[in-house]
Every structure is written in structure tokens, then in C-alpha cells.
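Architecture and fold: a report
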Amino acid sequence: TPILVAIELDDEGLPRPLARSQPTLYSYLPTGQPSGLRFLVHAHFDVPMDRERLDLDSTWNQWALARAGETLAVLTSHLVREATSKKDPHRLESLLEVLPLDEDLSHEAFRRLREVFLEHARKQKILVGRAGELLEPKNALVIDDEELAECLSGRELPLDSRNVLASLGSRARKVALALGARALDAEGLVELTAGLAREARREGGEKNSWYLESIAPLLHALVTMRANLAPLRSEPFLPDQQGELAA
């Protein structure tokens, strides 16, 4: 059976969520079934005579909704290609506001749609780095400290080979994490600091000026996050009077 998924676009061609008053589930005609989805799904669903709801215990409807998750992933891959061809990766940032969050969904059948989508979308370069690069979620790092994020922007970091994500709103952040992005916590910050210091020591001289500029934001974040500094005690990560890194 044909499965159709549609995302509404604004006047600039950017994805935007459907209004809360708009139906999200169609079976040739709109139904009144609440879903929590922010996009349109059409299929030949099992519906009662009044066509106001779906039988969410129906094996057929559950199968169709799962296939809609696959179709949503195909649609997002098209949007990724479009953003790439137009050399405008930031077009994808608004897409995160449309993609489903578990907490928004009203039934397990819709959560299954989301799970299937995530399985496929995790392999796409669907997230935007702070320097405008497109990233697979496994290569994306969420840093909430704006100053630190800006210092490390555009650099592949020694923390699972991740790059810093562009600033995200609360909901978009949750979607990025669900896709597989990693949020920088205190333990990860210590690991990142040690890894950056090792890179800087290998580069040496003027080539590690980027690291020297990052030290103040790193120290501020370590204090703010109350990180356990014990692993750094034997790590040469602070510059001495000659600018050499020392423990």
C-alpha cells in the first residue's frame, strides 16, 4: 500500500511543524486521531465508519506506521541532499523541530514509527556543525557552554572523533541526542581536555595556538561542571612561563 509522508515548508522552503489544529493522519481524508506527530502521514489505514480515528491495535495500521518511519527517513535524506546541493546546511536546523520526540507521541504505534525512523536516520549527515559542516549523529557533540563551543568549532575532537554541533533549542537538542549525538558531560570534558592537550603537544610551537586560546574556556567549563580533575593531575595540559605544556 502507498505510504505518504509530508513535511510542511515555510515561504523560504524551510521545514516547519504542522499547527496543532491540523490533522496529521490521513486515510484519503483527514482523521481526527491525535498522534503528537508534527508532519503528515497518509496510508490506507483501518478506520471506522466515522473515519475519526485509527485502530491503533490493528496489525495493519501498526505495519503502515512503521513503514511511515522508513519513508520519513527517505524524506530527510532528500532534504539533506537539497541542503548540500544548495550549499546551505543550516536549512536542516529547522528540520529538528519537526522530527518526532518520544515524549510528544500519544501511542506506542507512533513511538514505533519514531524508532524505525531513528534506525535509518542515524546513518545520515542530518546534523549541522557549528562551522556549517554536515555531520552524522555519531560524529556530533553537544556543548552547552557557548564560549567553549565557539573555541572548538570546526575541529574534529579527540572524543569519538566528534565535531561541535551548532547551537540548538531545547527540543532540537533532545532530537539530536536521540539520533545519537553526544552531550558533553563532566567526565567527557576531562577526557576531551586531556585529548586536546595531547594533540597540542604533538603539534608544538605556533601550531598549537588554537589550544592556548581554548585553555580559559576549558578551565571555566571544568570548574562550572565540577569535574573530577584527578585524571588530569599527571597530564601536561597547562602552559608554563615559556608556553610549554606542563602537568
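Going by the structure above, here's the rest.
Residues numbered from 1 in each chain as written. Predicted model: local features only at pLDDT ≥ 70, side-chain atom pairs only at ≥ 80, totals over all residues. Heavy atoms only, no water.

**Description of unusual backbone geometry**
The phi angle at K87 is positive, at roughly 50°, despite the residue not being glycine. Structurally, K87 can be placed in the loop between helix 1 (59–85) and helix 2 (108–121). The phi dihedral of S161 falls on the positive side, at around 55°, and the residue is not glycine. Within the fold, S161 resides in the loop between helix 3 (146–151) and strand 8 (163–164). (Helix = DSSP H or I, 4+ residues; strand = E, 2+ residues; numbered from the N terminus.)

**Considerations on the packing of aromatic side chains**
Geometry of an aromatic ring pair is reported as the spacing of the ring centres plus the angle between the planes. Throughout the structure, instances matching the rule amount to two aromatic pairs. Summarising the aromatic geometry, the rings of W210 and Y211 are spaced 5.8 Å apart at their centres and angled 80° between planes, so their arrangement reads as edge-to-face. Both residues of the pair, W210 and Y211, count as buried. Across the ring face of W210, the terminal group of R155 is positioned such that the distance to the ring centre comes to 3.5 Å. (Phe/Tyr/Trp six-rings, centres within 6.5 Å; stacked < 30°, edge-to-face > 60°. Buried < 20%, exposed > 50% of the residue type's maximum accessible area, 1.4 Å probe, protein only. Lys NZ or Arg CZ within 6 Å of the ring centre and 35° of its normal.)

**A few points about the environment of L141**
Turning to its location among the elements, L141 is positioned in strand 7 (residues 140–142). Every residue in contact with L141, bar those within four places of it in the chain, is listed here: L157, L159, R162, N163, V164, L165, R182, A183 and L184. (Contact = heavy atoms within 4.5 Å.)

**A closer look at the sheet that holds strand 9 (residues 182–183)**
Within the open sheet, the three strands sit side by side as 8-7-9. Their pairing is parallel. The two strands at the open ends of the sheet, each matched to only one other strand, are strand 8 and strand 9. (Pairing = 2+ DSSP bridges.)

**Here we look at helix 1**
For helix 1, built from 27 residues, the straight-helix expectation of 39 Å at 1.5 Å per residue is met to within 8% by its first-to-last C-alpha distance of 40 Å. One side-chain oxygen of the residue at the start of helix 1 lies 3.2 Å from the amide nitrogen of W60, identifying that residue as S58. Backbone geometry just after helix 1 places K87 at a positive phi near 50°. (Expected span 1.5 Å × (residues − 1). Polar contact = N/O pair within 3.5 Å; in protein donor to acceptor, adjacent residues only side chain to side chain.)

**Comments concerning the pattern of salt bridges**
Across all of its chains, the model carries 21 salt bridges by this definition. A salt bridge links E203 to R155; the nearest nitrogen and oxygen atoms lie 3.0 Å apart. Here R155 lies in the loop between helix 3 and strand 8 and E203 lies in helix 5 (residues 186–203), a separation of 48 residues in the sequence. Of the charged contacts, one joins R201 and E235 as a salt bridge, the two residues approaching to 2.8 Å between their closest N and O atoms. One end of the pair, R201, is in helix 5; the other, E235, is in the loop between helix 6 (209–224) and strand 10 (238–239), and 34 residues separate them in sequence. Through salt bridges with shared partners, a single network forms among D160, R162, R182 and E191. (Salt bridge = Lys/Arg side-chain N within 4 Å of Asp/Glu carboxyl O.)

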